[in-house]
Amino acid sequence: MNRVITLAAALFFVTVTAWAQEEQDAEGSHDHPLFSRLSGFYITAYDQKEFDSFVSPYIPEDQGPWEGKLTQINYNVKTGAKRASTIQIERNYENAVKKIGGKVLFHDDRILCAKIEANGAITYVQVEGFNDGINYQLTIVESKAMEQEVVADAAALSESIASTGKAAIYGIYFDTGKSEIKPESKPAIEQITKLMKDNMALSLYVVGHTDNVGTLESNLKLSSDRADAVVKALIAQGVESSRLKAAGVGPYSPVASNSTEDGKARNRRVELVSQK
């Protein structure tokens, strides 16, 4: 009898051990740096591509597709762990998104689509719960940084102005609707300053551009205020005020379609235009 009990116990131990081994995170997988997982869940599948396109069926067509570094992580609740409802999964990620300044694009009792804008980059998030909360999928698309034509290279600035008469800058950052230059803009400001000091005969129009979100009047004022802020920052670095003139053209001169988020991001820029 004892031998039968011992055998049964051994089989139970082997079974539990097998379950535990099966419920380890998939090899090579890990949580995305932006979000932790819900307690009691493990990763069953993990896929990451340096660049791909993702179309969410839950948002309007004019807000997609999302393109960039694509990460998809599937989570499953562990055996014996407390199961979360789909709405609990959605609310947890919704609160996390809002905490870091993100915007909810769509949500219901099991789905969340959101956008996070920070430091000139856009990150899209989709969370979708299945099977009453037994599992869920997290999709994250990190939009590729815009082509940094003249962010931190005075030589590239000089070459662009010499060949085209202007240079587009995407390395000067502002909060949405604001004209105060953010601290992470320092490298770009320093390189524009170097450009001006290396080319003493150069005089520039500093031109602010916006996308088409908001009224024309507000965008014209915002673009002008941002251009003026850049001029003041350069003067503070020792550039003569007589060599700089600020102007704002709002949405009047787009370089991409405003029908996509990436296009809008490219249109929000500062340009340096030669006065000669």
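As a reminder, the structure under discussion sits directly above these lines.
Analysis parameters
- Residues numbered from 1 in each chain as written.
- Predicted model: local features only at pLDDT ≥ 70, side-chain atom pairs only at ≥ 80, totals over all residues.
- Heavy atoms only, no water.
- Helix = DSSP H or I, 4+ residues; strand = E, 2+ residues; numbered from the N terminus.
- Contact = heavy atoms within 4.5 Å.
- Areas by Shrake-Rupley, 256 points an atom, 1.4 Å probe, with all protein chains shown as cover.
- Salt bridge = Lys/Arg side-chain N within 4 Å of Asp/Glu carboxyl O.
- Buried < 20%, exposed > 50% of the residue type's maximum accessible area, 1.4 Å probe, protein only.

Caption draft 1: Structural context of the overall build of the protein chain. When helices and strands are counted, the protein chain shows 6 helices and 10 strands. For the protein chain, the share of sequence-separated contacts (at least 6 apart) that also reach a separation of at least 24 residues comes to 61%. For the protein chain, the accessible surface area stands at approximately 15,000 Å², while carbon and sulfur atoms represent 53% of it.

Caption draft 2: Inspection of the pattern of salt bridges at higher detail. Under the criterion given, the structure shown has 18 salt bridges. We note a salt bridge from D228 to K232, for which the minimum N-O separation is 3.2 Å. Within this pair, D228 and its partner K232 are both found in helix α5 (residues 216-236), separated by 4 residues, close to a single helical turn. Note on D228: relative accessible area 30%, which makes it partly exposed. The class for K232 is exposed, based on a relative accessible area of 54%. Note that E240 is salt-bridged to R243, the shortest N-O span being 3.0 Å.

Caption draft 3: Summary view of the environment of F41. Its place among the elements puts F41 in strand β1 (residues 41-54). A residue is classified by how much of its surface remains accessible, and F41, at 3% relative accessible area, is buried. Residues F41 and Y136 lie 95 residues apart in sequence; the distance between their C-alpha atoms is 9.5 Å. Setting aside chain neighbours within four positions, we find F41 in contact with Y75, N76, V77, K78, A84, I89, G133, I134, N135 and Y136.

Function cannot be read off these values alone, since they describe shape.
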